[in-house]
Amino acid sequence: MDGRELAPPQDSAYGKLAVSRIEDLAQAVLGSGLKAQQMDAGQLNACLAFVATQRMVCTTGLLNSKISLSGTLSETDITLGVGLQITEGSLQWLHGIESGTVGVFLPGEEHEALYMPGSLYLGLSLSRESLAWEAEQLEIVIDPECLVTGHHPQQLQNSLLKLLRVQTAGLHQDGQGALHPAETASLALETLISHLGRDPHQICGVPSIRGLEHVVKRAIDYINAHANEKISIEELALASGASRRTLHRAFEVILSDTPIKFINRHKLYLIRDLLMSGERASVSKTVSSFGVTEFGRFSSIYRSTFGETPKETARSARKIFICA
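My aim in this report is to walk through the structure given alongside it, one point at a time. Since we're looking at a predicted model, the values are computed, not measured. (Residues numbered from 1 in each chain as written. Predicted model: local features only at pLDDT ≥ 70, side-chain atom pairs only at ≥ 80, totals over all residues. Heavy atoms only, no water.)

## Some remarks on the side chain of glutamine 92
Structurally, glutamine 92 is set in strand E7 (residues 91–92). Taking relative accessible area as the criterion, glutamine 92 reaches 7% and is therefore assigned buried. Side chain to side chain, glutamine 92 and tyrosine 115 meet in a polar contact 3.2 Å long. Once you skip the residues sitting within four places of it in the chain, glutamine 92 turns out to touch Ile97, Phe105, His111, Glu112, Ala113, Tyr115 and His151. (Helix = DSSP H or I, 4+ residues; strand = E, 2+ residues; numbered from the N terminus. Buried < 20%, exposed > 50% of the residue type's maximum accessible area, 1.4 Å probe, protein only. Polar contact = N/O pair within 3.5 Å; in protein donor to acceptor, adjacent residues only side chain to side chain. Contact = heavy atoms within 4.5 Å.)

## Description of the packing of helix H4 (residues 209–225) against helix H5 (residues 233–240)
Orientation of H4 relative to H5, taken along the N-to-C sense of each, is 125 degrees, at an axis distance of 8 Å. It follows that H4 is oblique to H5 by the angle criterion. Considering the relative orientation of H4 and H5, their crossing is right-handed. Residues Val215, Arg218, Ala219, Tyr222 and Ile223 of H4 form the contact with H5, whose own contacting residues are Glu235, Leu236, Ala239 and Ser240. (Axes fitted to C-alpha atoms, helices over the stretch in contact; angles between N-to-C directions. Parallel < 35°, antiparallel > 145°, perpendicular 65-115°, else oblique. Left-handed = near helix turned anticlockwise from the far one by under 90°.)

## Comments concerning empty space enclosed by the protein
Empty pockets left among the atoms are what a rolling probe the size of a water molecule brings to light. On inspection of all chains with the given rule, the structure shows two cavities of 30 Å³ or more. In this structure, the largest cavity spans a volume of roughly 200 Å³. Residue lining of the largest cavity: 20 residues in total, with Gly81, Gln92, Phe105, Tyr115 and Tyr121 positioned closest to the centre. Taken together, the elements giving at least two residues each to the lining of the largest cavity come down to strand E6 (78–85), strand E9 (102–105), strand E10 (110–115) and strand E11 (119–126). Counting residues per element, the lining of the largest cavity draws most heavily on E6, which supplies four residues. Its residues placed into classes, the lining of the largest cavity shows twelve nonpolar, eight polar and no charged. (1 Å grid on protein atoms, 1.4 Å probe; cavity = no way out; pocket = protein on both sides within 12 Å on 5 of 7 lines; lining within 4 Å. Points joined across faces, edges and corners; volume = space filled by probe spheres on them. Nonpolar A, V, L, I, M, F, W, Y, C, P; charged D, E, K, R; others polar.)

## Digging into helix H2 (residues 158–171)
Between the first and last C-alpha of H2 there are 20 Å, a value that for 14 residues agrees with the 20 Å anticipated at 1.5 Å per step. Buried within H2 we find Leu161, Leu164, Gln167, Thr168, Gly170 and Leu171. For H2, the elements touching its buried residues are strand E1 (12–19), strand E3 (46–53), strand E4 (57–63), E6, E11 and helix H3 (181–196). (Expected span 1.5 Å × (residues − 1).)

## A closer look at the packing of H4 against helix H7 (residues 259–276)
Relative placement of two packed helices is described by the angle separating their axes and the distance separating the axes. Put simply, H4 and H7 touch, their axes get as near as 11 Å, and they point 35 degrees apart. When you trace H4 past H7, the crossing you get is right-handed. Taken together, the residues of H7 that come into contact with H4 (itself represented by Ile220, Ile223 and Asn224) are Phe262, Ile263 and His266. For the contact of H4 with H7, the per-class residue count stands at four nonpolar, two polar and no charged.

## Remarks on the sheet that holds E4
One open sheet holds the seven strands; their spatial order is E1-E3-E4-E11-E6-E9-E12, and the pairing between them is antiparallel. At either end of the open sheet lies a strand with only one pairing partner, and these are E1 and strand E12 (150–151). Bridge count for E6 against E11 is seven bridges, and the pairing is antiparallel. Within the sheet, the bridge partner assigned to glutamine 85 lies in E11 and is leucine 120. Strand contacts of helix H1 (residues 128–137): E6 and E11, with the helix running at about 100 degrees to E11, the strand carrying the most contacts. In the packing of H2 onto the sheet, the strands contacted are E1, E3, E4, E6 and E11, and the crossing angle to E6 comes to about 95 degrees. (Pairing = 2+ DSSP bridges.)

Structure representation (structure tokens):
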């Protein structure tokens, strides 16, 4: 990449732009076309970094000049934003903001901001469908009243803010942070969804233990039969003959687990078994055969679980078979 255009991502793509013209800040949120003005004297000093995955685009800006931004962030996507390091005097919609302020920006709605020098922000743009899917994977409910343009009433927890600030700073250093750029974007998305959402309500009058056992049994049978496909909670609930809430309750009571975690863990071990069998198929083909579309995220989870990457597992297995 030349730093000025972000190529369409396959798994993920990363780019950085040292801003030299005020027009460059039209992409202060990638794809937005914002109107930008420098409000102080001196040489413009700012940096933008972008990460694109299959479901979202992450933009972060480090602004060392006083910058005014206005316009629509997206005509089609929701944007979730957080001030990671906000200098006093910065504003959004003429309201003061600070480090830890979380904002929601709906498609087609106007955004106005004034950032004082030294401010660092991060924004995530994704469709409503992708946001709902990501929240489902985290087993979090985002109430509709939280998805309105404006600021969330609570600041981001300080420990999470510091972690996200450090990782985001790495994106402005050629992506040389502790995490891969795509992992930083995923961390940001999970953090903001968790901040905006809540755990699913527990319901009263739950079925008997034996009834919950039957729900789990039918669900596991379905998971085993469809391991090579993407399985949604709706499909699993239908197959188990239960509502989504009862399905979650059944997994909690019987397995002390959640449906999504169970599915992901099940696929993880099936893929590892196949990789360790010495199959000649490529690692990416093996992984994708189980309905996994984001190899970067999968590889990170695999590494944290088994202490090695999928490719390292496959390489070791092939060496064993050759020696045998």
